[in-house]
Amino acid sequence: GALSVCRRIRESWADRNLSVRQFTGGVTNFLLGCYPEGSGPDDMLLVRLYGKDTDLVIDREREISSIGLLHSYDCAQPVHATFNNGMVYGFAPGRPLTREDIVLPSFGPKIAAHMAKCHCIRPSQDDEPVEPRLLENLRMWLSRLPEKFSKEDTQKSFESLFPSRQQLSFDVSQMIGMLRGFPSPIVFCHNDTTAGNIIYREDQGSITFVDHEYSGFNFRGFDIGNHFCEFCGLDNMDFSYFPDRSTQLIWLKSYAESTHRLTGDGKHVTDEEVEQLYVEANVFALASNLQWTLWALLQAEHSLIDFDYIKYGKTRYEEFLRRKDGVLAMMESSS
């Protein structure tokens, strides 16, 4: 099992008793941590077991490639082994942030700086970006929605809380049309910076991102706008916590300053640059809500994890509808 795999990776563990810690809170996979008894958890190896049918939403080969690329830039722990339904990889020391943490002014600049660092990663020759992940996900996840949910109560909930599948198809087509030609650079994105996927190492004052299942080349604005949506939580998502304009502008200015510093272009941040980032973030926050609506519906059909995917999807879809007209108006005024 998991312990024998870890002992093969760390030969010095062969004759030692290993402790196993189960991590909770994930809504896609099952995660175990293995480390020798008597040693600290910093020496841990993580064993991730993929959730049921998660290959419908996650390209595992691409995930492994993304982690390798990130590791080469010191932005991820290495993958040590893969097997049919999971992988073993390094542990990032520190504590996961909470929703309450990521809204604090003390954490915003650190998160913005690390995101800017990831966005500066250049593709390897084998990983040339073809299509932004957002567009690929919208098309693919829509096509994989069941015609009818296999569980009767899930089907009833869908019928009472959501429009028809045809309406969702129209929403996706309209969203893709809105983004056609919209100015947002394609960069390497994490694409899922929930609070729990951000690790803070207090002794170094540093931030890193973990869980790179959805990582890949995407619109810069998606990573930022999606992160702003994460201010609203996960289990009981509340969009009253979505950052207001002034909070966003502070975060975006910090991101822009970090980008100029990392690229060494010698430029100073301008108001126009921050305003462009503000428009991008809010356009792609809208797209984020639609993408994760489709994800939630797929998970409601296939996942064995105890999480109310239908409720989560409904919350995201309601916010998509609520914000759509305002974002359209924002796009028109900025063009």
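Note that the structure is predicted; figures quoted are calculated from it, not measured.

## Points about the nonpolar core
Link 1 in the chain: Core analysis: the biggest nonpolar cluster contains 90 residues, and Ile111, Met175, Ile224, Trp251, Phe284 and Trp295 have the highest contact counts within it.
Link 2 in the chain: Among residues more than four places away in sequence, those in contact with Met175 are Leu138, Val283, Leu286, Ala287, Leu290 and Phe320.
Link 3 in the chain: Membership of the second largest hydrophobic core comes to 8 residues, among which are Cys6, Leu18, Cys34 and Val47.

## Thoughts on the pairing of strand E2 (residues 30-36)
Link 1 in the chain: Counting buried residues along E2, 5 of its 7 residues qualify, which places the element largely inside the surrounding structure.
Link 2 in the chain: As paired elements, strand E1 (residues 18-23) and E2 share 6 bridges and run antiparallel to each other. Within the sheet, the bridge partner assigned to Arg21 lies in E2 and is Gly33.
Link 3 in the chain: When E2 meets strand E3 (residues 45-49), the two strands line up antiparallel, connected through 5 bridges. Each residue of the ladder has a partner; that of Cys34, found in E3, is Leu45.

## A word on helix H2 (residues 60-72)
Link 1 in the chain: Here H2 spans 19 Å end to end across 13 residues, near enough to the 18 Å set by a 1.5 Å rise per residue.
Link 2 in the chain: Within H2, the full set of buried residues consists of Arg60, Glu63, Ser66, Ile67, Leu69 and Leu70.
Link 3 in the chain: In this fold, the buried residues of H2 make contact with E3, strand E4 (79-83), strand E5 (86-90), helix H4 (108-119), strand E7 (186-189) and strand E10 (216-219).

## Thoughts on the side chain of Asp192
Link 1 in the chain: Along the chain, Asp192 falls in the loop between E7 and strand E8 (198-201).
Link 2 in the chain: Buried charge Asp192 goes without a salt bridge, the closest partner of opposite sign being Arg316 at 7.4 Å.
Link 3 in the chain: Residues contacting Asp192, with those up to four places away along its chain left out, are Asn197, Tyr214, Asp223, Asn226, Glu230 and Trp292.

## Some points on the packing of aromatic side chains
Link 1 in the chain: Scanning the entire structure with this criterion turns up 19 aromatic pairs.
Link 2 in the chain: A ring pair is formed by Trp141 and Tyr214, whose centres lie 6.2 Å apart and whose planes are at 80°; its orientation type is edge-to-face. One end of the pair, Trp141, is in helix H5 (residues 133-143); the other, Tyr214, is in the loop between strand E9 (206-209) and E10, and 73 residues separate them in sequence. Accessibility assignment for this pair places Trp141 and Tyr214 in one class, buried.

## As for the environment of Ile198
Link 1 in the chain: Tracing the backbone through its elements, the reader meets Ile198 in strand E8.
Link 2 in the chain: In the structure, Ile198 is positioned 13 residues away from Asp211 in sequence and 9.0 Å away in space, judged by C-alpha atoms.

## A look at the sheet that holds E2
Link 1 in the chain: Spatially, E1-E2-E3-E5-E4 is the arrangement adopted by the 5 strands of the open sheet, whose pairing is antiparallel. If you trace the sheet from one side to the other, it starts and ends with E1 and E4, each paired once. The average undirected angle you get between the axes of adjacent strands in this sheet is 20°.
Link 2 in the chain: Pairing between E3 and E5: 5 bridges, direction antiparallel. In the sheet register, Val47 faces E5, and the bridge partner there is Val88.
Link 3 in the chain: Along the sheet, helix H1 (residues 2-9) contacts E1, E2, E3, E4 and E5; its crossing angle with E3, the most-contacted strand, is approximately 140°.

## Describing the environment of Ala256
Link 1 in the chain: Here Ala256 lies in helix H9 (residues 245-263).
Link 2 in the chain: Looking at Ala256, the relative accessible area reads 1%, which means it is buried.
Link 3 in the chain: Along the sequence, Ala256 and Arg122 sit 134 residues apart, while their C-alpha atoms lie 18 Å from each other.
Link 4 in the chain: Sequence-distant contacts of Ala256, defined by excluding residues within four places in its chain, comprise Val269, Glu273 and Leu277.

## Here's the deal with unusual backbone geometry
Link 1 in the chain: Non-glycine residue Asp74 carries a positive phi angle of around 60°.
Link 2 in the chain: Mapped onto the secondary structure, Asp74 falls in the loop between H2 and E4.
Link 3 in the chain: Since its relative accessible area comes to 62%, Asp74 is described here as exposed.
Link 4 in the chain: The residue Asn191 is not glycine, and still its phi comes out positive at about 75°.
Link 5 in the chain: Inspection of the secondary structure assignment puts Asn191 in the loop between E7 and E8.
Link 6 in the chain: For Asn191, a relative accessible area of 3% translates into the label buried.

Reading the values: the criteria
Residues numbered from 1 in each chain as written. Predicted model: local features only at pLDDT ≥ 70, side-chain atom pairs only at ≥ 80, totals over all residues. Heavy atoms only, no water. Core = buried A, V, L, I, M, F, W, Y, C linked by side-chain atoms within 4.5 Å. Buried < 20%, exposed > 50% of the residue type's maximum accessible area, 1.4 Å probe, protein only. Contact = heavy atoms within 4.5 Å. Helix = DSSP H or I, 4+ residues; strand = E, 2+ residues; numbered from the N terminus. Pairing = 2+ DSSP bridges. Expected span 1.5 Å × (residues − 1). Lys, Arg positive; Asp, Glu negative; His and termini not counted. Salt bridge = Lys/Arg side-chain N within 4 Å of Asp/Glu carboxyl O. Phe/Tyr/Trp six-rings, centres within 6.5 Å; stacked < 30°, edge-to-face > 60°. Axes fitted to C-alpha atoms, helices over the stretch in contact; angles between N-to-C directions.

Any link to function would need more than the numbers given here.
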